[in-house]
Amino acid sequence: MAKSSSLKSTIAVSLNNYLDAGAIVAGASGLTLWKSYLGLEEVHLGWLNALSANAMGAAIGAIIGGFLADKFGRKFIFTYNLLVYMLGVLIVMLSVSYPMLLAGFLVTGISVGIGVPASWTYISESSEVNNRGRNICISQMSWGLGPMFILFFGMLLAPGGLLNGPVVSLAHAVIGTDAANTAVEVFSSRVVFFTLFVVALVAWTLQRQLDESAEFTSKQAEDKSSIVDNIKLLFTNRIAIKTVAFLACIYLTWNLVASVMGFFMPHVYETAGGLSNETANMLSCVSWVFVVVTTFIISFFVDKVAHCLFYVFGLAAALTAWILVIGGSITSIAGIWIFTILWGINNGSSVQVFYALWGSELFPAKFRAGAQGLMFFIVRGLSAVWGLVFTFIYGENGEGFTLAAYCMVALLAIALIVGLIGMPHTRGKSLAQITKERYGEDI
C-alpha cells in the first residue's frame, strides 16, 4: 500500500478514536449539569461512568467486535458499527430521565468497544513497516483531538460561556420559556453530543469506502477457522496467553488512572479545585492540547528511536503529576496548571500508544483483533468496577482525593515496571516477520 494511501486510510479509521474519547469527555464535560438536571448523586455518576465508553459499555462491545472482525473482516465493522454509535448519541441527546441517559451511554459505549480492536488492527495491517508507529500515533492524536474539541465546545456552550446565549434560545424554543433553569443549562451538553453525531456520520461515510485489509483477505483465503476455533487457539497458545497477560497488565494499570481522569477530570477540578464548570472544561481542554502536541512530536521518531524512551517519558510525567497532587498542589491554581500539563504530556506519550501498537503487532492475523477485544474487555470491565470504587474513595466533595492519588501512583508504578520488563522489540519488523518469530510457521 502506498504511503499516501496508508495515511488516508489511517485518518479515516482514526476518527473512531475521536469518537471514543469524545464520547467519554462529552459526558464528563456536562456531568455536573446532568447531575443538577436529573437530581443525581455521586453513585449515579459512578454508574454512568461504569456503563459508558469509558468502561463496561466498551468492554462488552470489544469482546464482541474483536472476534467479529477476525471472522467477517475489519471493513464489516466499519460498515455497520457507527450506526449503533449514532443511535446511542441520539438517545443521550434526547434524554429526559436517568435510565434513558444511562441507556444512551451504554449503547454508545458498546459501539466504541466494537470499533476499537478493528481500528487498531486495520491501521497496523495497512501501514508500511517504517510507518506503523507513526500511524498509531496519528490514531492517538485523534484520541486527543476528540476531547480537545469537545471540551472547547463545552466551555463555549456551558452556562457563562461565550456561546451560551444561542443555546439558551434553542432550549427555550424547544422546551418553552418557563422551563426550569437546570433543564435549560443541560442543553449545552445536548448540543455537544450532537457534534459527535455529525462526526460519526462523516466517519461512517468515509470508512464504508475503505478496502478490506490485504492481510485479512489473504488470511481468509488460506484459513477457514471459525470464531470458536480462533478463541480456542488464543486461550491455548502459550505465547498468546503470555502476551495477553503482559499487555492487559500495562494497559489496565495505566487505564485505571486514565479512565477516572477521562470521565471525572472536570468534576474533580470543580469539587477538589473549586473551579467553575467553564474553567474546569477549559483546563481539561488545555490538557488535551498537550496530548495532541506531544503525540505529534513523537510520531516523527517512534519508528526510529527505541520505544523504551517514550514509554518511560510518558509514565514519568504521570507519576510526577500525581506525586505533586499528594503534596497538595491540586488546591492552588499553579498546582492545577502543572498537573494539567504533566497529565497531558503523559497522555501524548502514553501506555495506550504502545498498547495499541504492540497489541496489533504481537498476535497473528487469525486472532489479532479478537485478542485485542479480549484485553479491551478485561481492561474496560475492571475500569467500570474501579470507577464505582473511585466515587466512594473520592467522596462527595473531594475529601478523599489524596488517598485516591496514592492509588494512582501505585498503579502507574506497576505499569512502568512491568512495561520495562516485558517490552517487545518489534520496531522495523513486518507483521509477518513478528508472527513468524513468535509463533513459528504453523500458526
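See above for the structure.
The structure contained in this document is the topic of the report that follows. Remember, it's a predicted structure, so these values are computed and weren't measured experimentally. (Residues numbered from 1 in each chain as written. Predicted model: local features only at pLDDT ≥ 70, side-chain atom pairs only at ≥ 80, totals over all residues. Heavy atoms only, no water.)

Some remarks on the nonpolar core
If you look at the biggest cluster of nonpolar residues, it comprises 132 residues, and the most contacted ones within it are Leu196, Trp322 and Trp358. Excluding residues within four positions of it along the chain, Trp358 makes contact with Phe246, Leu247, Ile250, His307, Tyr311, Met423, Pro424 and Thr426. (Core = buried A, V, L, I, M, F, W, Y, C linked by side-chain atoms within 4.5 Å. Buried < 20%, exposed > 50% of the residue type's maximum accessible area, 1.4 Å probe, protein only. Contact = heavy atoms within 4.5 Å.)

Some points on the layout of surface pockets
Approximately 390 Å³ is the volume found for the largest pocket. What lines the largest pocket is a set of 16 residues, and nearest its centre among them are Lys219, Glu222, Ala365, Thr435 and Ile443. Secondary structure elements with two or more residues in the lining of the largest pocket: α11 (214-222) and α20 (431-439). Residues belonging to the lining of the largest pocket are distributed by class as follows: 5 nonpolar, 3 polar and 8 charged. (1 Å grid on protein atoms, 1.4 Å probe; cavity = no way out; pocket = protein on both sides within 12 Å on 5 of 7 lines; lining within 4 Å. Points joined across faces, edges and corners; volume = space filled by probe spheres on them. Helix = DSSP H or I, 4+ residues; strand = E, 2+ residues; numbered from the N terminus. Nonpolar A, V, L, I, M, F, W, Y, C, P; charged D, E, K, R; others polar.)

Here we look at helix α15 (residues 307-326)
For α15, spanning 20 residues, the distance from its first C-alpha to its last is 29 Å, which sits close to the expected 28 Å at 1.5 Å a residue. A positive phi of about 95° marks Gly328, the residue just after α15. (Expected span 1.5 Å × (residues − 1).)

Brief notes about the pattern of salt bridges
A side chain with one charge can pair with a side chain of the opposite charge if their charged atoms come near. Under the counting rule described, the total for this entry stands at 8 salt bridges. With its nearest N and O atoms 3.0 Å apart, the salt bridge here joins Arg74 to Asp70. Grouping residues by exposure puts Arg74 and Asp70 together as buried. Residues Arg74 and Glu125 are paired through a salt bridge, measuring 2.7 Å at the closest nitrogen-oxygen approach. Here Arg74, found in helix α5 (residues 74-93), pairs with Glu125, found in helix α6 (residues 98-125); they are 51 residues apart in sequence, far enough to count as distant. Across the pair, Glu125 and Arg74 agree in class, each one buried. (Salt bridge = Lys/Arg side-chain N within 4 Å of Asp/Glu carboxyl O.)

Digging into the packing of helix α3 (residues 42-50) against α6
Two measures define how a pair of helices packs: the angle their axes make with one another and the distance between the axes. For the pair α3 and α6, the least separation of the axes is 8 Å and the interaxial angle reads 30°. As the angle between them shows, α3 and α6 are arranged roughly parallel. Each of His44, Trp47 and Leu48 in α3 lies in contact with α6, whose residues at this interface are Tyr98, Leu101, Leu102 and Phe105. Classifying every residue of the contact of α3 with α6 by side-chain character gives 6 nonpolar, 1 polar and no charged. (Axes fitted to C-alpha atoms, helices over the stretch in contact; angles between N-to-C directions. Parallel < 35°, antiparallel > 145°, perpendicular 65-115°, else oblique.)

Here's the deal with the packing of aromatic side chains
Applying the stated criterion across every chain, the model contains 22 aromatic pairs. A network of ring pairs unites the aromatic residues Trp120, Trp143, Tyr251, Trp254, Trp288, Tyr355 and Phe376 as a single cluster. One cation-aromatic arrangement involves Arg190 over Phe187; the distance from NZ or CZ to the ring centre is 5.4 Å. Looking at Arg208, its charged tip hangs above the ring of Trp204, at a distance of 4.6 Å from the centre. (Phe/Tyr/Trp six-rings, centres within 6.5 Å; stacked < 30°, edge-to-face > 60°. Lys NZ or Arg CZ within 6 Å of the ring centre and 35° of its normal.)

Some details on the side chain of Thr295
Assignment of secondary structure puts Thr295 in helix α14 (residues 277-299). Looking at Thr295, the relative accessible area reads 0%, which means it is buried. Polar side-chain contacts of Thr295 include one of 2.7 Å to the backbone oxygen of Val291. Among the polar contacts listed, one links the side chain of Thr295 to the backbone oxygen of Gly348, at a separation of 2.9 Å. Ignoring any residue separated from it by four or fewer positions in sequence, one finds Thr295 in contact with Cys137, Gln140, Met141, Asn347 and Gly348. (Polar contact = N/O pair within 3.5 Å; in protein donor to acceptor, adjacent residues only side chain to side chain.)

Observations regarding the packing of helix α4 (residues 56-72) against α5
The contact between α4 and α5 brings their axes to 6 Å, and the two run at 120°. As judged from the angle between their axes, α4 and α5 are oblique. Side by side, α4 and α5 meet where Gly65, Leu68, Ala69, Asp70 and Phe72 of the first sit next to Arg74, Phe76 and Ile77 of the second. Among the residues making up the contact of α4 with α5, the classes are represented as 5 nonpolar, 1 polar and 2 charged.

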